[in-house]
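# Fold and geometry: a report
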Amino acid sequence: MLDFPRWKVIGISVILALGVIFSIPSFLPQKQFESLPSFAQMKVNLGLDLAGGSHLLLEADLGDLQKTQLANMEKTVRTAMRGERGPDDDIAIGELSTAGGKISFLVRDQAQLDEARERLFGETQGAGLTGQRDWTIDVVDTTRIVMTPTKAGQAQAISRAMDTARDIIDKRVNALGTREPTIIRQGDDRIVVQVPGLQDPQQLKDLIGKTARLEFRMVDTNADPNEVAAGRAPVGSEVVPYSPDAGNGVPFEVLRRQVMISGDQLIDAKQSYDPQSGLPVVTIRFDSGGSATFAKVTAQNVGKRFAMVLDGRVLSAPSINEPILGGSAQISGNFTVASANALAISLRSGALPVKMAVVEERTVTPELGADSIRKGAIAGIIATVAVLAFMIVVYGRFGIYANVALFFNIFLIVAIMAAFNATLTLPGIAGFVLTIGAAVDANVLINERIREELKRGRRVFQAVELGYKEASRAIFDANITNVIAAALMFWFGTGPIKGFAVVLTIGIVTSVFTAVTVTRMFAAHWVHKTRPASLNI
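Summarised in this report is the structure supplied together with it.

Basis of the calculations
Residues numbered from 1 in each chain as written. Predicted model: local features only at pLDDT ≥ 70, side-chain atom pairs only at ≥ 80, totals over all residues. Heavy atoms only, no water. Helix = DSSP H or I, 4+ residues; strand = E, 2+ residues; numbered from the N terminus. Expected span 1.5 Å × (residues − 1). Buried < 20%, exposed > 50% of the residue type's maximum accessible area, 1.4 Å probe, protein only. Arc of directions from axis to C-beta. Phe/Tyr/Trp six-rings, centres within 6.5 Å; stacked < 30°, edge-to-face > 60°. Pairing = 2+ DSSP bridges. 1 Å grid on protein atoms, 1.4 Å probe; cavity = no way out; pocket = protein on both sides within 12 Å on 5 of 7 lines; lining within 4 Å. Points joined across faces, edges and corners; volume = space filled by probe spheres on them. Nonpolar A, V, L, I, M, F, W, Y, C, P; charged D, E, K, R; others polar. Axes fitted to C-alpha atoms, helices over the stretch in contact; angles between N-to-C directions. Contact = heavy atoms within 4.5 Å. Core = buried A, V, L, I, M, F, W, Y, C linked by side-chain atoms within 4.5 Å.

Below, the discussion takes up helix H1 (residues 6-23). Over its 18 residues, H1 runs 26 Å from end to end, which matches the ideal 26 Å to within 8%, given 1.5 Å per residue. Along H1, the residues classified as buried are Ile12, Leu16, Gly19 and Ser23. The buried side chains of H1 occupy one side of the element, clustering within an arc of 55° when seen end-on. Those residues of H1 that are exposed and angled more than 90 degrees off the buried face are Arg6, Trp7 and Ile21.

Given below as structure tokens:
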């Protein structure tokens, strides 16, 4: 146990040195930190409760999600009824109804009823277009098919939508340039968003609140103005209001329901400036499929108008002067640089699958965070000083070894957290302070075991060797149970509990290393060098 070859000493020394070096940036002021080389810019970020910032609790509009599900399934049904071999293979159906959260339609030829069900179930087309677990398919009145979503299917759809919404919100928030936002699901239909350092939550709410469903649709120029004024649109069209950002004074447009191109085919969106007016605009670019469709649509409709619709409101409806072949377009409106950039971020990150509403909002001021840091630092200093004094008074030289290892332990914790770009919260400080006390617990066990061996009459070398050997078993067993507890807190906990578990786990690992390995290296060096005949411990 006290045999330390040169390579092992060098390895431990390198680890300790790296811990000190990589922890230093976390203690530097922001200006000095930014002057460091890019590879050295690793630091522990402060959480919302320490740095201040914004906290939002978002709730999904499940009614909107159900409408989207029904619309998607309606398209799926129509696709299924179209045959692969041309019009002769089609199954004629009546108008689809989505009343009551169900899809029902009439199969005009009763002889094709079984074929229609087979196409929906997928018994004749591989995996099929729908799953029996998500939808039940029943026949009513001999020729009407009714599709009803199952509870398991709805729960799965909600879970998928919430996971997608969380990922999209994460992309949007990170695009603001913030550091280490916390974005987690809470329950079945809620998402918690915490952004440290952001004091004005309105920008965050505006960005997150947009579903960013972009559609390109043709303007119906054949609509009767009198009918439209009475609130009636032609078959296949609808009245869509203008967005407040349009700024053209026109209340609405009559658009065809058919979507020519959707935002799903975008590959890029960025804020730029109109070369003629110099006003802020959003430039978008389509993928290869979208570019081909856009070119085809504009070529077939030269001289007509098409509308850009965002979240059910018209942004602009320009005329097509010539085919647009480059696969890019420009969205103009009454934009500022900030609003154009926010729209570009929303489009670039993708459309939210469900509308999200803010149900809770909190703002934490930097002053409150500074007070938390100050009190946490006071608690840490008091705990450290008390531990240092106790170890020196009770264990003398070996207490000094434990104290030196404790300082290295603090540096290692900070360095590891900085390497992972982790966020320190107030519960994390609590875990940090707890780790300081627990870090010397292993040394207490070792030193007490050495005392016992000395009382049994063993020589100093043997007592120290057996003390480390026998105590190490209990130390590892005890810390394994602590790691299990921390892992369970991380797995089942949320937010602050996870932060506490992370810091506690890192502290357990580093404290075992410093308390057992590092102090054993110090003790081995002293014993081999001085060969003491007695030990006062």
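Attention shifts here to the packing of aromatic side chains. Following the criterion strictly, the structure yields eight aromatic pairs and no others. Ring centres of phenylalanine 216 and phenylalanine 306 lie 6.0 Å apart, and the angle between their planes is 25°; this geometry places the pair in the stacked category. Of this pair, phenylalanine 216 sits in strand S8 (residues 214-218) while phenylalanine 306 sits in strand S14 (residues 306-310), placing them 90 residues apart in sequence. Given a relative accessible area of 6%, phenylalanine 306 falls into the buried group. Between phenylalanine 294 and phenylalanine 306, the aromatic rings sit 6.0 Å apart at their centres with planes inclined by 80°, giving edge-to-face as the arrangement. Pair noted here: phenylalanine 294 is in helix H9 (residues 288-300) and phenylalanine 306 is in strand S14, with a separation of 12 residues, a long-range link. Given the relative accessible area of 2%, phenylalanine 294 is considered buried.

Moving on to the pairing of strand S6 (residues 182-186). Looking at chain direction, S6 and strand S7 (residues 190-196) are connected through five bridges and run antiparallel. When the sheet's bridge partners are listed, glutamine 186 is paired in S7 with arginine 190. Connecting S6 to the next strand, S7, in antiparallel fashion are three residues, including glycine 187 with a positive phi near 70°.

Right, let's get into empty space enclosed by the protein. Throughout the structure, instances matching the rule amount to two cavities of 30 Å³ or more. Considering the residues around the largest cavity, the lining is formed by Phe216, Arg217, Met218, Met260, Ile261, Phe294, Val297, Thr298, Phe306 and Ile320. Of the residues contributing to the lining of the largest cavity, the split by class is eight nonpolar, one polar and one charged. Of the pockets and cavities examined, the second largest cavity occupies roughly 40 Å³.

This part covers the sheet that holds S7. Taking strand neighbours across the sheet as the criterion, the four strands line up as S6-S7-S2-S17 in an open arrangement whose pairing is antiparallel. Bordering the open sheet on either side are S6 and strand S17 (356-364), each of which pairs with just one other strand. Each neighbouring strand pair of the sheet contributes to a mean axis angle of 15°, computed without reference to strand direction. Packed onto the sheet, helix H6 (residues 151-174) meets strand S2 (53-60), S6, S7 and S17 and runs at close to 165° relative to S6.

On to the nonpolar core, then. Membership of the largest hydrophobic core comes to 50 residues, with the highest contact counts inside it found for Phe398, Met417, Ile450, Val464 and Leu535. Breaking this core down by element, the ones donating at least two residues are H1, helix H11 (366-395), helix H12 (397-419), helix H13 (426-439), helix H14 (441-455), helix H15 (460-492) and helix H16 (496-530). With sequence-adjacent residues up to four places away left out, leucine 535 is seen in contact with Phe398, Ile450, Leu454, Val460, Val464 and Trp526.

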